[in-house]
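As a plain string of letters, each chain reads:
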Amino acid sequence: TRCLSDWSSDVCSSDLNSLRSLLAEKLTTASGADFGWIKQQRGMFSRLPLRAEQVVTLREQHHIYMAPDGRINIAGISPANCTRVSESIATVMKAG
């Protein structure tokens, strides 16, 4: 079972890193700002530069959920929804 656990850990880490890279690229494209720093982070979460009211707007208008401090679960993003998530975040950030 140790082998399975190690393999699962490697796969999950690789998947999260791929999602981080994709999110960083899509956010950079959608916003015009550099989000490359997201690729350097590790773990399941990333804190985005959002104010609490922007997080509320994302939740209420775009159905994107995260902690009030802008902490988003990277594992909750998929390649299929990454563009929509990134464009929604960029729209809310640009609106101020």
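Residues numbered from 1 in each chain as written. Predicted model: local features only at pLDDT ≥ 70, side-chain atom pairs only at ≥ 80, totals over all residues. Heavy atoms only, no water.

**Description of the confidence of the model for the chain**
For the chain, mean pLDDT is 90; residues scoring 70 or higher make up 88% of the total. Mean pLDDT across the elements of the chain bottoms out in helix 1 (residues 2–31) (77) and peaks in helix 3 (residues 52–62) (98). (pLDDT = per-residue confidence, 0-100. Helix = DSSP H or I, 4+ residues; strand = E, 2+ residues; numbered from the N terminus.)

**Digging into the packing of helix 3 against helix 4 (residues 82–95)**
For the pair helix 3 and helix 4, interaxial distance at closest approach is 10 Å and the crossing angle is 130°. In this view, helix 3 runs oblique relative to helix 4, as classed from their interaxial angle. For helix 3 against helix 4, the interelement crossing comes out right-handed. Facing Gln 54, Thr 57, Leu 58 and His 62 of helix 3, the residues of helix 4 in contact are Arg 84, Ser 88, Ile 89, Val 92 and Met 93. (Axes fitted to C-alpha atoms, helices over the stretch in contact; angles between N-to-C directions. Parallel < 35°, antiparallel > 145°, perpendicular 65-115°, else oblique. Left-handed = near helix turned anticlockwise from the far one by under 90°. Contact = heavy atoms within 4.5 Å.)

**Here we look at unusual backbone geometry**
Positioned with a positive phi, His 63 is a non-glycine residue whose angle comes to about 60°. Take His 63: it is sitting in the loop between helix 3 and strand 2 (71–73). Here His 63 falls in the exposed class, since its relative accessible area comes to 54%. (Buried < 20%, exposed > 50% of the residue type's maximum accessible area, 1.4 Å probe, protein only.)

**Description of the packing of aromatic side chains**
What the rule picks out here adds up to one aromatic pair. With 5.8 Å between their ring centres and 35° between their planes, Phe 35 and Trp 37 make a pair best called tilted. For Phe 35, a relative accessible area of 3% translates into the label buried. Positioned over the ring face of Phe 45 is Arg 71, at 4.7 Å from the centre of the ring. (Phe/Tyr/Trp six-rings, centres within 6.5 Å; stacked < 30°, edge-to-face > 60°. Lys NZ or Arg CZ within 6 Å of the ring centre and 35° of its normal.)

**What about the pattern of salt bridges?**
For the structure on display, the rule yields two salt bridges. Between Arg 47 and Asp 69 there is a salt bridge, with the nearest N and O atoms lying 2.7 Å from each other. In this pair, Arg 47 is assigned in strand 1 (residues 45–47) and Asp 69 in the loop between helix 3 and strand 2, connecting sequence segments 22 residues apart. A salt bridge links Glu 53 to Arg 51; the shortest N-O distance between them is 2.7 Å. The exposure class of Arg 51 is partly exposed, given its relative accessible area of 39%. (Salt bridge = Lys/Arg side-chain N within 4 Å of Asp/Glu carboxyl O.)

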